[in-house]
Amino acid sequence: MAGCSKSNEQVAAAALADPGVQALLSKIPADTPYAFISFGGSARPMIEKIYKSMSPVMERIGPMIDQMPMDDEWGPLAKAILVELRAVMKDGGLDRTGIDIDGRAALYGIGMMPAVRWTLKDPQALRDLLARVQTAGNVTIPVCKLGEAEYWCGGNSEIKVAAAIVSGELILGAAPASMADKVFELLFGKTAPERSLADSPKLRDLLTSWNLGKHNVGYVDTRAIVEAFLGEGDPLNKDVLAALVPKLTEKWPTLTQVCKDEARGLAAIAPMLVFGTEAMDENGFEGVFGVALRSDVAQDLKSLRASVPGLSKEVRGEAILAMGGGFDVGKAIEWVLRKGAEVTKSPYQCPEMADLNQLAAKIGQDTSSIPKWVPGLRGGSLVLTDIKMSGFLPSSITAYAVLSAADPRAVYEAIKAETPAIAAYEFSDDGAVKTLPDGTVPFVNGIAYGAKAGTGAVVAIGPGSEGTVSQLLAAPEVKDPPLALFAYDLARIMDQLEPVLGGMAGQPEVAAVFDIYKVFGPSGYEIYAEDRGLVFKAGMRLR
């Protein structure tokens with residue numbers, strides 16, 4: 001299998017070798033502060049499936065659209081847009097826009113100002129759509145000129161916006177009014193960037209490090225943004241920012257080298273935000289959002305990881321609703337204290353960073369108020385695996401809660417001191433599973449609980465609760481535990497909401513809305529601490 005699978009380097013090289021991708025990247029400045037590049041393909045099946053679920057709603061509100069009042073200034077335009085949206089959601093309607101859903105696209109910055117390029121499948125179809133909206137909406141999009149070329153334009157005295165169809169692409173952008181011509185010349189390809197992403201190794205390195213060459217990749221370059229605010233770095237980034245915030249230029253001559261160096265040091269802690277899609281098809285997607293961290297900070301966060309019984313990515317496909325997190329509270333406290341002491345020992349010299357010095361000085365001033373059992377906490381989770389509703393009340397609940405702790409007895413004693421009533425229930429930390437009689441808690445049956453020294457405590461309710469407690473207390477440590485997790489299943493949630501809403505759910509319009517949500521199955525995200533930084537793994541399954 002390893003021999004047949006492409007390496008990250010091979011996937012990145014294949015994505016960037018595409019002539020169409022190279023042509024797209026050649027229009028984007030190499031030092032753009034942010035960019036999102038779509039390599040094309042794979043999005044259509046997922047979008048069509050979602051639109052298919054939404055189409056019945058649009059059909060049901062069709063008569064409402066037809067009866068919209070037209071005496072309001074924006075009424076005709078709103079109606080015209082809704083009519084086009086309704087048509088797009090029908091089978092085959094995506095191509096009505098003229099945009100190539102499977103094509104390449106880019107969102108990026110010319111300086112700090114956004115620019116968009118999207119491949120068109122049928123430029124004339126897009127022109128026809130815009131003409132229909134203008135005619136039916138009783139509006140006219142202004143047309144401006146850049147040399148001999150015409151483009152749609154708008155904006156005000158501070159910001160100008162532009163759109164055009166150029167060489168089979170829909171191009172959109174914005175610029176400071178004082179730099180509109182220069183920015184739009186770059187936007188429309190009349191001038192080329194001095195150095196483009198096609199010439200830079202930045203994208204190749206990101207694709208390789210984050211394995212994102214299959215579908216798309218995006219990033220925000222913290223260091224490029226900081227350099228612009230310091231009045232240095234890429235000239236285009238600096239000039240656009242100066243045009244947006246003229247008063248900023250007054251501060252640049254007063255910035256000392258110390259302030260610049262310290263600002264760059266802060267940017268180096270998290271130099272890049274990275275995001276993209278790892279997998280995408282008609283069944284959903286799996287994506288990643290990452291905060292690249294300086295090596296020592298990344299290793300510090302890795303050291304805080306703690307395994308919580310049952311808390312893993314698999315919960316996303318099993319639970320109706322789940323949330324939790326795992327990190328060593330004791331180590332986290334030590335880490336915060338250490339970082340505060342480091343800043344106090346070597347404070348920031350730049351006056352603009354005085355607040356950081358004050359914050360560091362406050363850290364650790366009084367740790368005696370922290371209860372002795374708190375450093376032993378390792379996290380916890382709350383997982384709802386099943387629920388059946390009978391009207392507004394649940395007829396059955398299957399769920400469990402975990403508190404991971406080195407010394408669960410100490411936690412129990414602390415809770416007992418505040419809530420003496422729990423002393424009526426037997427407690428031991430030897431892993432034995434205990435149960436409560438049905439009816440002890442209203443509407444909740446099958447309550448089981450147990451605790452184990454070095455592991456924590458578990459409470460489970462519903463069928464099989466004793467086995468759940470026993471299994472979780474005996475669960476082996478997760479090798480790569482998430483720092484946090486949140487998961488939900490909209491389809492299963494909506495299934496249970498229908499009987500709660502009673503007659504409302506039987507109304508055609510409401511039922512159609514429910515059908516939309518029922519398309520979205522197990523979804524959620526997990527946060528991991530890795531060598532490269534904080535990594536958010538997100539996903540959504542379609543039914």
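These lines cover the structure that appears in this document, whether it is placed above or below.

Conventions and cut-offs
Residues numbered from 1 in each chain as written. Predicted model: local features only at pLDDT ≥ 70, side-chain atom pairs only at ≥ 80, totals over all residues. Heavy atoms only, no water. Helix = DSSP H or I, 4+ residues; strand = E, 2+ residues; numbered from the N terminus. Buried < 20%, exposed > 50% of the residue type's maximum accessible area, 1.4 Å probe, protein only. Contact = heavy atoms within 4.5 Å. Pairing = 2+ DSSP bridges. Axes fitted to C-alpha atoms, helices over the stretch in contact; angles between N-to-C directions. Parallel < 35°, antiparallel > 145°, perpendicular 65-115°, else oblique. Left-handed = near helix turned anticlockwise from the far one by under 90°. Nonpolar A, V, L, I, M, F, W, Y, C, P; charged D, E, K, R; others polar. Phe/Tyr/Trp six-rings, centres within 6.5 Å; stacked < 30°, edge-to-face > 60°. Polar contact = N/O pair within 3.5 Å; in protein donor to acceptor, adjacent residues only side chain to side chain. Disulfide = S-S within 2.5 Å. Salt bridge = Lys/Arg side-chain N within 4 Å of Asp/Glu carboxyl O.

**Some points on the overall build of the protein chain**
Reasoning step 1: Check the secondary structure of the protein chain and you find 20 helices and 19 strands.
Reasoning step 2: Taken along its principal axes, the extent of the C-alpha atoms in the protein chain is 85 × 65 × 55 Å.
Reasoning step 3: In the protein chain, which comprises 543 residues, the share counted as buried stands at 43%.
Reasoning step 4: Sequence-distant contacts in the protein chain: of pairs separated by 6 or more residues, those separated by 24 or more amount to 65%.

**With respect to the pairing of strand β4 (residues 143–146)**
Reasoning step 1: With four bridges joining them, β4 and strand β5 (residues 149–155) adopt antiparallel strand pairing. Within β5, the position partnered with valine 143 by the bridge is tryptophan 152.
Reasoning step 2: Adjacent in sequence and paired antiparallel, β4 and β5 are bridged by two residues, among which glycine 147 carries a positive phi angle near 70 degrees.

**Considering helix α8 (residues 202–210)**
Reasoning step 1: For α8, the full list of buried residues reads Lys202, Leu203, Leu206, Leu207, Thr208 and Trp210.
Reasoning step 2: Two residues or fewer after α8 comes asparagine 211, characterised by a positive phi angle close to 50 degrees.

**Describing the packing of helix α9 (residues 222–229) against helix α12 (residues 257–269)**
Reasoning step 1: At their nearest, the axes of α9 and α12 sit 9 Å apart, and the two run at 160 degrees to each other. In terms of their interaxial angle, α9 and α12 are classed as roughly antiparallel. Of the two elements, α9 crosses α12, and the hand of that crossing is right-handed. Contact residues: Thr222, Arg223, Val226 and Glu227 in α9; Ala263, Arg264 and Ala267 in α12.
Reasoning step 2: Counted by class, the contact of α9 with α12 contains three nonpolar, one polar and three charged residues.

**Some details on the packing of aromatic side chains**
Reasoning step 1: With the rule as written, the count across this model stands at nine aromatic pairs.
Reasoning step 2: An angle of 10 degrees between the planes, with centres 6.0 Å apart, marks the rings of phenylalanine 36 and phenylalanine 275 as stacked. Residue phenylalanine 36 is located in strand β1 (residues 34–38), and its partner phenylalanine 275 is located in strand β9 (residues 272–281); the two are separated by 239 residues in the primary sequence.
Reasoning step 3: Judged by centre distance (5.7 Å) and plane angle (45 degrees), the rings of phenylalanine 486 and tyrosine 488 are tilted.
Reasoning step 4: Of the residues examined, phenylalanine 486 reaches a relative accessible area of 26% and is grouped as partly exposed.
Reasoning step 5: Within the aromatic cluster, the residues linked to one another by ring pairs are Phe36, Phe275, Phe289 and Phe536.

**A look at helix α10 (residues 235–244)**
Reasoning step 1: Residues Leu236, Asn237, Val240, Leu241 and Ala242 constitute the buried set of α10.
Reasoning step 2: The N-cap residue of α10 is aspartate 234: its side-chain oxygen and the backbone nitrogen of leucine 236 are 3.2 Å apart.

**Considering the state of the cysteines**
Reasoning step 1: Summed over the entire model, instances satisfying the criterion amount to two disulfides.
Reasoning step 2: Between the sulfur of cysteine 259 and that of cysteine 350 lies a disulfide, 2.0 Å long from S to S. Its S-S torsion of about 100 degrees marks the bond between cysteine 259 and cysteine 350 as right-handed, since a negative value means left-handed. With cysteine 259 in helix α12 and cysteine 350 in the loop between α15 (329–345) and α16 (354–362), the pair connects residues that are 91 residues apart, well separated along the chain.
Reasoning step 3: Residue class for cysteine 259 comes out buried when judged on its relative accessible area of 6%.
Reasoning step 4: A relative accessible area of 4% means that cysteine 350 is categorised as buried.
Reasoning step 5: Indicated for the protein chain is the disulfide connectivity 1-2, 3-4, based on numbering the bonded cysteines in sequence order.

**A few points about the side chain of serine 53**
Reasoning step 1: Along the chain, serine 53 turns up in helix α3 (residues 43–60).
Reasoning step 2: From its side chain, serine 53 meets the backbone oxygen of isoleucine 50 in a polar contact 2.6 Å long.
Reasoning step 3: Not counting chain neighbours up to four residues away, the residues in contact with serine 53 comprise Asp515, Ile516 and Val519.

**Describing the pattern of salt bridges**
Reasoning step 1: Counted by the stated rule, this structure contains 33 salt bridges.
Reasoning step 2: Close ionic contact of lysine 202 with aspartate 221 constitutes a salt bridge, the shortest N to O distance being 3.0 Å. Separated by 19 residues along the polypeptide, lysine 202 in helix α8 and aspartate 221 in strand β8 (residues 216–221) bring together distant segments of the chain.
Reasoning step 3: With relative accessibility at 8%, the residue aspartate 221 sits in the buried group.
Reasoning step 4: Here aspartate 531 and lysine 302 are joined by a salt bridge, their closest N and O atoms 2.8 Å apart. Here aspartate 531 is found in the loop between β18 (520–530) and β19 (533–542), whereas its partner lysine 302 is found in helix α13 (residues 295–303), with 229 residues between them in sequence.

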